[in-house]
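Notes for the structure review
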Amino acid sequence: MKKLTSLMLSVIIILTVFCSVDITAFAADTITGLKQTAAVKTGFRVQWNQLSGKLSYDVKIEGGSKTLVYKKRKSNIFTITGKLSPATNYKVSVRARRGNKTGGWSSPKTVTTCCNDVTAKQTSFADRSVTLEWNAAAGAKGYRVYQKNINSNGSASYKHVGTTKKTKKKIKLPTLSESAYKETNVALIVVPVRKIAGYRAESRIKNVSKRAYVYYPKSTPFMVYTPYSDNYNNIILKSNARVSGFTFRIYSADDSLLDTRSISVENESTASFKYNASKVYKIDAQAYITVGSKTARTYWSSKTEICPKPEITYKWNSNAEMVVSWGKIDDVSGYNFKIQQSDNSSVVYRQKRLTENKLTITNQQLSGLEINKAYKITVLPFKDNEDSTTKFKSNSITTKKAEIIGHRGVMDKAPENTIVSFKKAKKAGYDSFECDFWETKSGDLLIYHDLMMDSCGKPNLDIRTIKAADIKKYPIKKGSNISSYATQYIPTMEQTIKLASKLGMKLYLHTKDSSLSVKGMQKINSWVKKYNMGSKLCIFSRSTACAAKLEKYIASNHGYLIDATSAEVIKNSILYMSRTSMKTLIMKRNSYLDKEISELAHSFGIKIACYGNKTPAHAAKVLNQGTDIVIVDKYFLKK
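Everything in this summary refers to the structure shown in the same document. Because the structure is predicted, anything quoted here is derived from the model rather than measured. (Residues numbered from 1 in each chain as written. Predicted model: local features only at pLDDT ≥ 70, side-chain atom pairs only at ≥ 80, totals over all residues. Heavy atoms only, no water.)

**A few points about the packing of aromatic side chains**
- Enumeration according to the criterion identifies 11 aromatic pairs in this entry.
- On the basis of an interplanar angle of 15° and a centroid distance of 4.2 Å, the ring pair of phenylalanine 248 and phenylalanine 273 is categorised as stacked. Of the two residues, phenylalanine 248 is situated in strand β18 (residues 234-252) and phenylalanine 273 in strand β19 (residues 257-274); the sequence distance between them amounts to 25 residues. For the residue pair phenylalanine 248 and phenylalanine 273, the accessibility class agrees, reading buried in each case. (Phe/Tyr/Trp six-rings, centres within 6.5 Å; stacked < 30°, edge-to-face > 60°. Helix = DSSP H or I, 4+ residues; strand = E, 2+ residues; numbered from the N terminus. Buried < 20%, exposed > 50% of the residue type's maximum accessible area, 1.4 Å probe, protein only.)

**A short note on the packing of helix α3 (residues 493-503) against helix α4 (residues 518-530)**
- α4 packs onto α3 with a crossing angle of 25° between their chain directions and a minimal axis gap of 10 Å. The angle between α3 and α4 places the two elements in the roughly parallel class. The two elements α3 and α4 cross, and the hand of that crossing is right-handed. In contact with Met493, Glu494 and Ile497 of α3, α4 contributes Ile524, Trp527 and Lys530.
- The residue makeup of the contact of α3 with α4, split by class, is four nonpolar, no polar and two charged. (Axes fitted to C-alpha atoms, helices over the stretch in contact; angles between N-to-C directions. Parallel < 35°, antiparallel > 145°, perpendicular 65-115°, else oblique. Left-handed = near helix turned anticlockwise from the far one by under 90°. Contact = heavy atoms within 4.5 Å. Nonpolar A, V, L, I, M, F, W, Y, C, P; charged D, E, K, R; others polar.)

**A short note on the sheet that holds strand β24 (residues 322-326)**
- If you trace the three strands from one edge of the open sheet to the other, you get β23-β24-β27, paired in antiparallel fashion. Either end of the sheet is taken by a strand with one partner, and the two such strands are β23 (312-316) and β27 (358-361). Shown here is a sheet whose adjacent strand axes are inclined to one another by a mean of 20°, direction ignored.
- Taken together, the five bridges between β23 and β24 define a ladder with antiparallel strand orientation. Bridge pairing links tyrosine 314 to valine 324 in β24. (Pairing = 2+ DSSP bridges.)

**What about the packing of α4 against helix α5 (residues 544-553)?**
- Running from N to C, α4 and α5 point in directions that differ by 45°, and their axes come no closer than 9 Å. With respect to α5, the element α4 is oriented oblique. Judged by the twist between their axes, the crossing of α4 over α5 is right-handed. Every residue of α5 that contacts α4 at Val518, Met521, Gln522 and Asn525 is listed here: Lys549, Leu550 and Tyr553.
- Of the residues belonging to the contact of α4 with α5, the class tally is four nonpolar, two polar and one charged.

Rendered as structure tokens:
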């Protein structure tokens, strides 16, 4: 028993010695070198000397009404942002941790957050100097002022130009060359500073940039560029620096003063205004800076002659000829006119020294003029002087290219909805062709327009009752020029999609059956993917329920067909489509259509297609109303 007692006592003594050594060694892991290294408005960064061995650190922050503790930090650098108050002192303590054992907290270190930014304003200026005033920042021990400079590649640099404990300071700026003062060059920035235990907590420069006006004496009149007119006939006045505004004078072509005005730009560098778009006139301008009761002005710019750019419009007449007109400008001698192919910029028609502001391009003048091509139209006004001709700035517009769709192929030259009709659409120069389809009871998808098979000589036979395998039993017997072609049969859906892909044409599919099955739609989708027609195929229905299903199951473009003649119904249809992926609205030519409706559709990215067009006059009418796609029943293109 005595031996057992002695053994237990020895074990206790040994454990006590080891524990004492461990505790003593850990107690020696005290934190040293704790200091603040950075600050922002809502936080700071502290750092301390790294201890050896595998350990972590706990950080305690005390101040205001809160105490925050962050445990088991791996690094000897600790950063906190977004949790603290501006301009506030906090005490930070750190302790070492080995596993679950911790040492004692270090002596607290006082750290500080930055002040809130201040808003600086300029109260006066003199030659190369400005006076700034700003609101006091709580906790600030002083304020530093920087000049922000932008170099030619857009990089910013900051130069310290003054320090004060007050909230007002006069800053003397260095004399720079004209090229040094660019549009974004001169800015003065006020930064509040706090000092705690030798550390300066200075607010970040990039957050408090404030622009200051600088007085430029009239001996350096480089602030105003020559006034000019932009593409929208706005007159532009532009300064090299931020200014309070511009004063400008407008003269007639014979130098009679017409108008004098001023425009405030509120510390910007440009101003724009509209003036008479039908006259040639002259303008000069000066920039000015106003601070308090003081105003400094530049010299007047040179007097510049400005001619408005002609505002060009076009429309198609009943012969599908282009009628171009533009705004008439007084005081010019005439206009030069040209038309270019927009795809290669080659000039296809030109007229010089026109005296009228309207021109009709006939088929004789431009034999290749087509509604399914885009053209760039340019008008250049000029004025004859005594010894020369002054050419002003031209204006250009690009005509909209109409997409031409063959309705059921080329239905006036070949049997509708047949392979030969679709191929002829390609030869005719159409961009795409449209066809109708039904789903049969056997699940086949067949291209055919009517429910009953009258064109196959079976007026009492329902197209939905036959199978694709049996279509050669029912050759097409009626249609345009039926005798000119070998026997034609009803195409299948896959045949048609494959053909469109081979021809490189877009395809518009009209489902005549609003009860199209999910299985049928899945078949169509598989063929769309197989022949890579997703972006070149538009499938549409007149049923909203069917159109919604088509959207869900077929990865292609989608459309919606309406026969309404009411503007209100059409607008509501467009609004309905705007909430879906349907981007093509198909309607009859005689439906209600005007610029307001087409602009509403275009605002939602919806194109309008009109069918029932049989003549160039029909096509011209719907194009002038804003139609994007012309579905034609008769062959009137030039090919």
